Amino acid sequence: MRTGRPGWLHRPRSLLGQIIGILLLTSAIEFGISALLYERASTFSVRDDEARRLAEHLVVAIRVLEEHRPEERPAIAGEVTTDRYIVRWLPRPPQSPPVDPALDGMHDQIVAWEPSLEETALRLRFATPGARSVIEGQARLDDGSWMQFRTREPLRTIDLALSRVLMALVPALALTLIGGLLIRRTLRPLRDLTEAAERIGRAHPDPVPEHGTGEVRRLTQSFNRMQGRIARLIEERMRALAAVGHDLRTPLARLVLRAEGIADAEVRGAIRAEVAEMEVMIASLLAFLGGEADAEAPVLIDLAVLCATLADDAEDRGLSVVYDGPAHVDRRVRPVGFKRALVNLVENGLHYGERVRIVLEQDAGGLAIHVEDDGPGIPEDSLDLVFEPFVRLDPARRRDTTGFGLGLSIVARAVSAEGGRVTLANRTQGGLRATILLPPAS
């Protein structure tokens, strides 16, 4: 099971995504901090204003109550009650919870505005514990009686106004979007370079348009020069391969003709076998060195018919090859290269074993072609090594091996061109299983 950071915490792989992420992060932090500081400054301003108004009202209410007789004070308390503050007079000290330390700052502000309140044993607390909104308290009068007060409206001093922080982020998001679009346009030359790099060696190179910043233009110019050099090297190699193939096959053809004049049948057969081996070596070498410059285009073919045909051809030559799979499976592949890959796997199995079985399976996860033989298999630590060019495992296989050891390398390259991969595994009942895995058809 995968562990680690959640998917949304992973850094974007594209340069554009990383730049936009940096812009978004920095803008969000900047606007968030600015909004928070602004809100805190506004909170302090509102707290000071609330403290000033409450201090003024308390001084007035205490003075009015002290000017009247005790029996008149309940009615007077009702008269000094406003739409902001509720006032009550109590002849004895009220039984109330202790003061709330969170209001110590506001208490100090009230006393700072009206120093006379310091002699009243002023106490402040929140009316509802845990809900910091409505404030209540009491103050002592000169005769020892008490005035109790309470705010009608929730106090705004503790409202963080998260909506303001979110609103402050809206410009940041808009600016990030605009910046991302501009950055995407700036990075377009780099995307063109990436696409051109993917085409190197596969198609005729077209010069990449030189536009963008000065650094990108110089990079594009260097890339175009490199692309031209690579194209010339590939073209020269293909011409050399064609010439070598022609020059080598011509004397081989003459050897075959001259061998027909040899009376000794055993010598004639030996010469034919040597010539055939040399032709196989030349064909595999040319196929491998042909590289990715093969311009073969994918076409829709029936892979089931192809596998069955290979099995029938081998049976016609007196070899034991069977096909096991559906009657028809259509797939778009490069027919020559893919057929060469299957032929190499079948011939490889026949060379090291006596019987070969071709199995074709298809499901939602893709398509698999298994080529199984009953040969000696391959050591487990060498299953990946055999895909390297010019590698032959003589200790594990018979030593009468033809070719240069390029068969599996050609298979891997042909399958990779179709977006698939090749795996090898030793069978429990003996022999080797080569599997071509292709992704689901797009």
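Residues numbered from 1 in each chain as written. Predicted model: local features only at pLDDT ≥ 70, side-chain atom pairs only at ≥ 80, totals over all residues. Heavy atoms only, no water.

### Details of the overall build of the protein chain
Across its full length, the protein chain carries ten helices and eleven strands. Counting over 442 residues, the protein chain shows a buried share of 34%. When contacts within the protein chain are restricted to residue pairs at least 6 apart in sequence, long-range pairs at least 24 apart make up 63% of them. Accessible area for the protein chain stands at about 26,800 Å²; split by element, carbon and sulfur atoms hold 57% of it. (Helix = DSSP H or I, 4+ residues; strand = E, 2+ residues; numbered from the N terminus. Buried < 20%, exposed > 50% of the residue type's maximum accessible area, 1.4 Å probe, protein only. Contact = heavy atoms within 4.5 Å. Areas by Shrake-Rupley, 256 points an atom, 1.4 Å probe, with all protein chains shown as cover.)

### Section: unusual backbone geometry
Residues other than glycine seldom take positive phi values, yet Ala121 does so here, at roughly 55°. Of note, Ala121 is situated in the loop between helix H3 (104–113) and strand S2 (123–128).

### Here's the deal with helix H8 (residues 303–316)
Counted at 1.5 Å a residue, the expected span for H8 with its 14 residues is 20 Å, and the 20 Å between its end C-alpha atoms agrees. Taken together, the buried positions of H8 are Leu303, Ala304, Leu306, Cys307, Leu310, Ala311 and Ala314. Capping of H8 at its N-terminal end is provided by Asp302; its side-chain oxygen lies 3.1 Å from the backbone amide nitrogen of Ala304. At the C-terminal side of H8, Gly318 shows a positive phi close to 85°. (Expected span 1.5 Å × (residues − 1). Polar contact = N/O pair within 3.5 Å; in protein donor to acceptor, adjacent residues only side chain to side chain.)

### Focus on a nonpolar patch on the surface
A grouping of Leu175, Ile178 and Leu182 is seen on the molecular surface, where their side chains present a nonpolar patch of about 310 Å² in accessible area. Its location among the elements puts Ile178 in helix H4 (residues 162–186). For Ile178, a relative accessible area of 49% puts it in the partly exposed group. (Patch = residues over 30% accessible without salt bridge, like charges linked within 9 Å, V, L, I, M, F, W, Y side chains within 5 Å. Salt bridge = Lys/Arg side-chain N within 4 Å of Asp/Glu carboxyl O.)

### Here we look at the nonpolar core
Soluble, globular proteins show a tendency: their nonpolar side chains are buried together. By size, the foremost hydrophobic cluster in this structure holds 37 residues, and its most contacted members are Leu303, Val321, Phe338, Leu342, Ile369, Leu424 and Ile436. Taken together, the elements giving at least two residues each to this core come down to H8, helix H9 (335–352), strand S8 (355–363), strand S9 (366–373), helix H10 (407–417), strand S10 (421–426) and strand S11 (432–438). Among the elements that take part in this core, H8 stands out by supplying seven residues, more than any other. If near-sequence neighbours (up to four positions away) are discounted, Ile436 is found in contact with Phe338, Leu342, Leu345, Leu367, Ala368, Ile369, Val415, Arg421 and Val422. (Core = buried A, V, L, I, M, F, W, Y, C linked by side-chain atoms within 4.5 Å.)

### Some details on the sheet that holds strand S6 (residues 320–324)
Ordered in space as S6-S8-S9-S11-S10, the five strands form an open sheet in which the pairing is mixed. Among the strands making up the open sheet, the edge pair consists of S6 and S10. Mean inter-strand twist for the sheet, computed between neighbouring axes without regard to direction, equals 15°. Here S10 pairs with S11 via six bridges, running antiparallel. Across the sheet, the residue bridging to Arg421 is Leu437, located in S11. Running over the sheet, H8 touches S6, S8, S9 and S11 and is turned about 160° from S6. (Pairing = 2+ DSSP bridges. Axes fitted to C-alpha atoms, helices over the stretch in contact; angles between N-to-C directions.)

### Focus: the environment of Thr81
Relative to the helices and strands, Thr81 resides in the loop between helix H2 (73–79) and strand S1 (85–90). Distance from Thr81 to Arg150, taken between C-alpha atoms, is 9.6 Å for residues 69 residues apart in sequence. Polar side-chain contacts of Thr81 include one of 2.9 Å to the backbone oxygen of Ala77. In this structure the side chain of Thr81 is engaged in a polar contact, spanning 3.1 Å, whose partner is the backbone nitrogen of Val87.

### Examining the confidence of the model for the protein chain
Detailed conclusions should not be drawn from predicted coordinates in areas where pLDDT is low. Looking at the protein chain, the pLDDT average stands at 76 and 73% of residues meet or exceed 70. For the protein chain, per-element mean pLDDT is lowest for helix H1 (residues 15–66), which scores 69, and highest for S6, which scores 93. Note on residues 1–5: pLDDT under 50 across the span, and one contact to partners over four residues away in sequence or across chains. Per-residue pLDDT stays below 50 along residues 395–404; that stretch engages in 28 contacts with residues further than four places along the chain or on separate chains. (pLDDT = per-residue confidence, 0-100.)

### Things to note about the packing of H8 against H9
Two elements in contact, H8 and H9, have axes separated by 11 Å at closest approach and are oriented at 40°. Classed by the angle they form, the pair H8 and H9 counts as oblique. When you trace H8 past H9, the crossing you get is right-handed. Across from Leu303, Leu306, Cys307 and Leu310 in H8, the residues of H9 making contact are Phe338, Lys339, Leu342 and Val343. Partitioning the contact of H8 with H9 into residue classes produces seven nonpolar, no polar and one charged. (Parallel < 35°, antiparallel > 145°, perpendicular 65-115°, else oblique. Left-handed = near helix turned anticlockwise from the far one by under 90°. Nonpolar A, V, L, I, M, F, W, Y, C, P; charged D, E, K, R; others polar.)

### Considering the side chain of Thr151
Positionally, Thr151 belongs in strand S4 (residues 146–151). Judged by relative accessible area, Thr151 falls into the buried class, the value being 9%.

### Some words on the pattern of salt bridges
Under the criterion given, the structure shown has 13 salt bridges. For the salt bridge of Arg73 with Asp143, the shortest nitrogen-to-oxygen distance reads 2.5 Å. Here Asp143 lies in the loop between strand S3 (131–140) and S4 and Arg73 lies in helix H2, a separation of 70 residues in the sequence. Looking at Arg73, the relative accessible area reads 5%, which means it is buried. Given the relative accessible area of 47%, Asp143 is considered partly exposed. One salt bridge in this structure joins Arg427 and Glu372, with 3.8 Å as the shortest N-O distance. Taken together, the residues Arg427 in the loop between S10 and S11 and Glu372 in strand S9 connect sequence positions 55 residues apart. By relative accessible area, Glu372 is classed as buried at 4%.

### Comments concerning a negative patch on the surface
Residues Asp312, Asp313, Glu315 and Asp316 make up a contiguous surface patch of negative charge. Mapping Asp313 onto the fold places it in helix H8. (Lys, Arg positive; Asp, Glu negative; His and termini not counted. Charge placed at Lys NZ, Arg CZ, Asp CG, Glu CD.)

### Side note on the environment of Trp113
Residue position: Trp113 is located in helix H3. For Trp113, a relative accessible area of 41% translates into the label partly exposed. As a C-alpha pair, Trp113 and Glu56 span 57 residues in sequence and 8.1 Å in three-dimensional space.

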